[in-house]
Amino acid sequence: MSSVILITSGKGGVGKSTLSAALGVGLSALGNRVVVLDMDIGLRGQDTLLGLQDRIIYDFQDVIEENCTLDDALLPFDDSDKLYLLPAPQFSRVRDTSPKAFARLVSSLRERFDTILVDCPAGIEKGLRLPLRAGCDRAIIVCTPDDLCIRDAERVVALLEEKKLPRPELIVNRVMPALIERGEMYPPQTVAETLDLPLLGVVPEDSSVYRAQLLHVSLMHLECDARLAVQRIARRMRSEKVPIPEFGRKRSFLARLFRPGVKEVIRLDR
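Rules used in this analysis
- Residues numbered from 1 in each chain as written.
- Predicted model: local features only at pLDDT ≥ 70, side-chain atom pairs only at ≥ 80, totals over all residues.
- Heavy atoms only, no water.
- Phe/Tyr/Trp six-rings, centres within 6.5 Å; stacked < 30°, edge-to-face > 60°.
- Helix = DSSP H or I, 4+ residues; strand = E, 2+ residues; numbered from the N terminus.
- Buried < 20%, exposed > 50% of the residue type's maximum accessible area, 1.4 Å probe, protein only.
- Axes fitted to C-alpha atoms, helices over the stretch in contact; angles between N-to-C directions.
- Parallel < 35°, antiparallel > 145°, perpendicular 65-115°, else oblique.
- Left-handed = near helix turned anticlockwise from the far one by under 90°.
- Contact = heavy atoms within 4.5 Å.
- Nonpolar A, V, L, I, M, F, W, Y, C, P; charged D, E, K, R; others polar.
- Pairing = 2+ DSSP bridges.
- Salt bridge = Lys/Arg side-chain N within 4 Å of Asp/Glu carboxyl O.
- pLDDT = per-residue confidence, 0-100.
- Right-handed = clockwise from strand over helix to strand, strands pointing away.

Draft legend 1. Region of interest: the packing of aromatic side chains. As enumerated under the stated definition, the model contains two aromatic pairs in all. Between the aromatic rings of Phe60 and Phe102, the centroid separation amounts to 5.7 Å while the plane-to-plane angle is 65 degrees, which identifies the pairing as edge-to-face. Note that Phe60 is positioned in helix H3 (residues 60-64) and Phe102 in helix H5 (residues 99-112), a separation of 42 residues in sequence. On the basis of relative accessible area, Phe60 is assigned to the buried category, the value being 0%. Exposure remark for Phe102: the relative accessible area of 0% places this residue in the buried category.

Set out below in structure tokens:
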């Protein structure tokens, strides 16, 4: 049975698209037939993250407008026939896409793939509402462990609740264990408790993620901690029992009480 999974975030720049591409590779390696549907209309990026930027001829708007077939627009990631990309249009706006036509497109993808990963644009505007109207089975919110991102994620959770969707799951990205140890960064479990969401996985800050972008290759092709974390998340998405690593030791009450204060930042223009 196919599953449409929205991957979203309240704030931009949290690594949502990078994780969407990596999860596509991770799930396909486990045997799922996966398509990554790039919904960032006008600002597509999945083609570059998957190393397919030189192969795009058509996008999903071309399929909707019957300028091509779905087979023409789907881009295979490799020769395994397990992972495909359906690119977003580069020179369109969300309002150019008919909700009914988009829903028919999603239905066609359900017939061909086990998993449809919908990489939504950040925020709660039409770019997220369009795939919501097409119907989805799960939602995953990507959040970094900071107050601004947590606050924006709460807005997304409220929207998903308004649409009567199942409670979303949470991936906490760009975690720095050293900062958690010093009490300067929220532990992933604290983020999950604040948002009242089940924690699907934790991805550490890893310079290899940026290196993969510079090389135009998938993160999953590099040996790094982030890759291992994504592999664990992909297995959990298939309902496997995989423990979530603890980042930072639990601090005693006295350690929290007497932790060092935040260093003062002095403005240079004073």
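Draft legend 2. Summary view of the packing of helix H1 (residues 16-29) against helix H11 (residues 225-237). With their axes 9 Å apart at the nearest point, H1 and H11 run at an angle of 65 degrees to one another. With respect to each other, H1 and H11 are oriented roughly perpendicular. With respect to the hand of their crossing, H1 and H11 are arranged in right-handed fashion. Counting all contacts with H1, which are made through Leu19, Ala22, Leu23, Gly26 and Leu27, the residues of H11 involved are Val230, Ile233, Ala234 and Met237. Along the lines of polarity and charge, the residues of the contact of H1 with H11 split into eight nonpolar, one polar and no charged.

Draft legend 3. Main features of the sheet that holds strand S1 (residues 3-8). Here eight strands make up an open sheet; going across it, the order is S3-S4-S2-S5-S1-S6-S7-S8 and the pairing mixed. Of all strands in the sheet, those with a lone pairing partner are strand S3 (75-76) and strand S8 (199-204), marking the two edges. Strand direction decides the pairing type here: S1 and strand S5 (residues 115-119), joined by five bridges, are parallel. Bridge pairing links Ile7 to Asp119 in S5. On top of the sheet, helix H7 (residues 147-162) reaches S1 and strand S6 (138-143); it is set at about 165 degrees to S6, its chief contact.

Draft legend 4. Here's a closer look at the side chain of Asn173. In this structure, Asn173 sits in strand S7 (residues 169-175). Excluding residues within four positions of it along the chain, Asn173 makes contact with Val14, Gly15, Leu19, Val142, Cys143, Thr144, Pro145 and Val203.

Draft legend 5. How the structure looks around the pattern of salt bridges. Taken as a whole and judged by the stated rule, the model has twelve salt bridges. Across the pair Arg110 and Asp137 runs a salt bridge whose closest N-O atoms are separated by 3.1 Å. Of this pair, Arg110 sits in helix H5 while Asp137 is found in the loop between helix H6 (126-134) and S6, placing the two residues 27 residues apart along the sequence. Of the residues examined, Asp137 reaches a relative accessible area of 31% and is grouped as partly exposed. Ionic pairing is found between Arg182 and Glu184, a salt bridge with its closest N-O pair at 3.3 Å.

Draft legend 6. Looking closely at the confidence of the model for the chain. Summarising the model, the chain shows a mean pLDDT of 89, and 91% of its residues fall at 70 or more. Averaged over each element, pLDDT in the chain is lowest for helix H12 (residues 253-257) (49) and highest for strand S4 (residues 83-86) (98). A low-confidence stretch, residues 260-265 stays under pLDDT 50, and its non-local contacts, those more than four residues away or across chains, total zero contacts.

Draft legend 7. How the structure looks around the pairing of S7. For S7, a buried count of six out of seven residues is recorded, marking the element as mostly surrounded by other parts of the structure. For S6 and S7, the ladder comprises four bridges, and the chain directions are parallel. The partner of Ile140 across the bridge, within S7, is Glu169. Taken together, S6, H7 and S7 form a β-α-β motif whose crossover is right-handed. Both S7 and S8 contribute to a ladder of four bridges, which runs parallel. If you follow Ile171 over to S8, its bridge partner there is Gly201.

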